[in-house]
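Fold and contact review
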Amino acid sequence: MHVLVHAAHEPIFGLAMIKELAHHGYRIGPGTLYPLLHGLERGGLLKSAAKSVGGRRRRVYRITPAGRRALRKATVKVDELFHELHEIHPRKITPPPDR
């Protein structure tokens, strides 16, 4: 989800995302992040293109319309979980025992 959030705001690339995730306390290496990016692309949530930056080739990812829809759905679920975590009196999920 974090990857999609950033891709929704600007094109992203692997090393920048590794650094961004580290900033939030996630220790994710290239062997984890790049398969994640490739999977998001295979799933139609991201689209990539090769760019030349400073004489080096870099794969840049952009969010797709399907990625934006998935992000909106995930945002609703995260907001719901956030509110549930901070409820003072959570909704009862089991009925009281019979007497």
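Residues numbered from 1 in each chain as written. Predicted model: local features only at pLDDT ≥ 70, side-chain atom pairs only at ≥ 80, totals over all residues. Heavy atoms only, no water.

Concerning the overall build of the protein
Note the threshold: The numbering of helices and of strands both runs from the N terminus, where a helix is a DSSP run of H or I of at least 4 residues and a strand a run of E of at least 2. Between the two quantities, the radius of gyration covers C-alpha atoms and the globule rule is 2.2 Å times the number of residues to the power 0.38. We call a residue buried when its accessible area falls under 20% of the maximum for its residue type, exposed when it is over 50%, and partly exposed in between, using a 1.4 Å probe and counting protein chains only.
Looking only at helices and strands, the protein has 4 helices and 2 strands in total. Along the protein, helices and strands appear, N-terminal first, in the series α-α-α-β-β-α. Relative to a compact globule of 99 residues, whose C-alpha radius of gyration would be 13 Å, the protein shows 19 Å and is clearly more extended. Taking the principal axes of the C-alpha coordinates as reference, the protein spans close to 75 × 30 × 20 Å. Every one of the 99 residues in the protein was classed for burial, and the buried ones make up 22%.

Remarks on the packing of aromatic side chains
Selection rule: Only centres within 6.5 Å qualify two rings of Phe, Tyr or Trp (six-membered ring in Trp) as a pair; their planes then separate them into stacked at under 30 degrees, edge-to-face at over 60, and tilted for everything else. By the criterion adopted, a ring carries a charge over it if an Arg CZ or a Lys NZ lies within 6 Å of its centre and within 35 degrees of its normal.
Under the defined criterion, the tally for this structure stands at 0 aromatic pairs. Between Arg-58 and the ring centre of Phe-13, over which it is positioned, the NZ or CZ distance is 3.7 Å.

Topic: a negative patch on the surface
This is how it is decided: Patch definition: residues above 30% relative accessible area lacking any salt bridge, with like charges linked at up to 9 Å and the nonpolar side chains Val, Leu, Ile, Met, Phe, Trp and Tyr linked at up to 5 Å. The method behind every accessible area is Shrake-Rupley, applied with a 1.4 Å probe, and residues are considered shielded solely by the protein chains displayed. Note on definitions: salt bridges are taken to be side-chain nitrogens of Lys or Arg within 4 Å of carboxyl oxygens of Asp or Glu. Charged residues are defined here as Lys and Arg on the positive side and Asp and Glu on the negative side; His and the ends of the chain fall outside this count. By convention, the charge on Lys lies at NZ, on Arg at CZ, on Asp at CG and on Glu at CD.
Negative charge collects at one region of the surface, where Asp-79, Glu-80, Glu-84 and Glu-87 lie side by side. Locating Asp-79 in the fold gives a position in helix H4 (residues 65-85).

Concerning the packing of helix H1 (residues 2-9) against H4
As a reminder of what qualifies: Every axis in this analysis is a line fitted to C-alpha atoms, fitted for helices over the stretch in contact. Angles between the N-to-C directions lie between 0 and 180 degrees. Here is the rule for angles: anything less than 35 degrees is roughly parallel, anything more than 145 is roughly antiparallel, 65 through 115 is roughly perpendicular, and the remaining ranges are oblique. Put simply, a crossing is left-handed when the front helix is turned counterclockwise from the back one by less than a right angle, and right-handed when it is turned clockwise. Contacts are residue-level and defined by heavy atoms, with any inter-residue pair within 4.5 Å sufficient.
For the pair H1 and H4, the least separation of the axes is 10 Å and the interaxial angle reads 125°. Classed by the angle they form, the pair H1 and H4 counts as oblique. Where H1 crosses over H4, the handedness of that crossing is left-handed. Two secondary-structure elements touch here, H1 through Leu-4, Val-5 and Ala-8 and H4 through Gly-67, Arg-68 and Leu-71.

Some words on the nonpolar core
Here is the rule we go by: Nonpolar cores were defined as sets of buried Ala, Val, Leu, Ile, Met, Phe, Trp, Tyr and Cys residues, with membership established by side-chain atoms within 4.5 Å.
One finds Val-3, Ile-12, Leu-33, Leu-37 and Leu-46 to be the most contacted residues of the largest nonpolar core, which totals 15 residues. When near neighbours in sequence (up to four residues on either side) are disregarded, Val-3 contacts Ile-12, Met-17, Leu-33, Leu-36, Leu-37, Leu-40 and Leu-46.

What to know about helix H3 (residues 30-42)
Note the cut-off: Expected span of a helix, by definition, is 1.5 Å for each gap between consecutive residues, and there is one gap fewer than residues. Of all possible arcs, the one meant is that of the directions from the helix axis to the C-beta atoms.
For H3, spanning 13 residues, the distance from its first C-alpha to its last is 18 Å, which sits close to the expected 18 Å at 1.5 Å a residue. Among all positions in H3, only Leu-33, Leu-37 and Leu-40 are buried. Down the axis of H3, the buried side of the element spans an arc of 65°, and every buried residue falls inside it. Set apart from the buried face of H3 by more than 90 degrees, the exposed residues are Gly-31, Thr-32 and Arg-42. A positive backbone phi angle near 80° is found at Gly-44, which sits one or two residues after H3.

As for the side chain of Ser-48
Filter applied, for reference: By the criterion applied in these results, polar contacts are pairs of N or O atoms within 3.5 Å in which, for protein atoms, one can donate a hydrogen and the other can accept it, and in which residues neighboring in sequence qualify only through two side-chain atoms.
When you line up the elements, Ser-48 lands in strand S1 (residues 46-53). Judged by its relative accessible area of 13%, Ser-48 falls in the buried class. At 2.8 Å, the side chain of Ser-48 and the side chain of Glu-41 are in polar contact. Of the polar contacts made by the side chain of Ser-48, one reaches the side chain of Arg-59; its length is 2.8 Å. Look past the residues within four positions of Ser-48 in its chain and what remains in contact with it is Glu-41, Arg-59, Val-60 and Tyr-61.

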